[in-house]
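# Observations on the model geometry
Residue strings, one per chain:
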Amino acid sequence: MSPYEEVILEHWRNPRNKGRLDAPDVDVVEANPLCGDVVRLQLRVRDGVVEDVRFDGRGCAISQAAASLLTDMIKGKPLAELKGMKDEHLLDALGGVIRTRLNCALLPLRALRKGLSSA
Ligand code: FES
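A brief look at the structure comes next. Source: prediction; values computed, not measured.

Helix α5 (residues 102-117) packs onto helix α2 (residues 61-74) with a crossing angle of 45° between their chain directions and a minimal axis gap of 7 Å. Viewed along their axes, α2 and α5 adopt a mutual orientation that is oblique. Crossing of α2 against α5: the hand is right-handed. Residues I62, S63, A66, A67, L70 and I74 of α2 form the contact with α5, whose own contacting residues are C104, A105, L107, P108, L109 and L112. Residues that form the contact of α2 with α5 fall into these classes: eleven nonpolar, one polar and no charged.

In structure tokens:
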């Protein structure tokens, strides 16, 4: 199994920060237009920092595992830093993603960008 497959499988089986927040400061839903899969991302923000985060959604293992991984990556981080987050940050943390699944892997990051644009 490749490192990428191991990361996906691990997060798919043991999702981090899955669920809902009460009264989140950011609440955003993003869908992949190619398949209809969905990631919902909720943030609680204090003093410009992500204090807490949850995700939910439905879709392929890659999109949902990437969402779980992303929540781990952004918790405790300043919004200003997250606004500069590049695709490669998430893709590297996933261990590299095959080209045909980039839209799946980047769905949660698109949700984050959408949420931050209104934060
Ligand atoms: Fe829909 Fe992966 S197949 S996001």
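Grouped together as the largest cluster of nonpolar side chains are 34 residues, with contacts concentrated most on L41, L43, L70, I74, L94 and L112. Of all the elements in the fold, those that place two or more residues in this core are α1 (3-13), β1 (26-31), β2 (38-46), β3 (49-58), α2, α3 (79-82), α4 (87-93) and α5. No other element matches α5, which puts eight residues into this core. The contacts of L94, once residues within four sequence positions are left out, are P3, Y4, V7, I8, A66, L69 and A105.

Calculation criteria
- In this numbering scheme, every chain counts its residues from 1 along its sequence in written order.
- Where totals are concerned, whole chains, interfaces and linings use all residues; where local detail is concerned, this predicted model gives features only for residues with pLDDT of at least 70, and gives and counts side-chain atom pairs only at 80 or more.
- As a rule here, side-chain values cover all heavy atoms of the structure and leave hydrogens and water aside.
- Orientation is described by axes fitted as lines to C-alpha atoms, over the contacting stretch for helices, and by angles from 0 to 180 degrees between their N-to-C directions.
- A helix here means a DSSP run of H or I that spans at least four residues, while a strand means a run of E at least two residues long, and both kinds are numbered starting from the N terminus.
- Any angle between 65 and 115 degrees counts as roughly perpendicular, while under 35 counts as roughly parallel, over 145 as roughly antiparallel, and the rest as oblique.
- The crossing is said to be left-handed when, going from far helix to near helix, the turn is anticlockwise and less than a right angle, and right-handed when the turn is clockwise.
- It only takes one pair of heavy atoms within 4.5 Å for two residues to be counted as in contact.
- Polar here means any residue other than Ala, Val, Leu, Ile, Met, Phe, Trp, Tyr, Cys and Pro, which are nonpolar, and Asp, Glu, Lys and Arg, which are charged; Gly is therefore polar.
- The nonpolar core is taken to be a set of buried Ala, Val, Leu, Ile, Met, Phe, Trp, Tyr and Cys residues, with the residues joined through side-chain atoms within 4.5 Å.
- Here's how the labels work: a residue is buried when its accessible area is under 20% of the maximum for its type, exposed when over 50%, partly exposed in between, all with a 1.4 Å probe on protein chains only.

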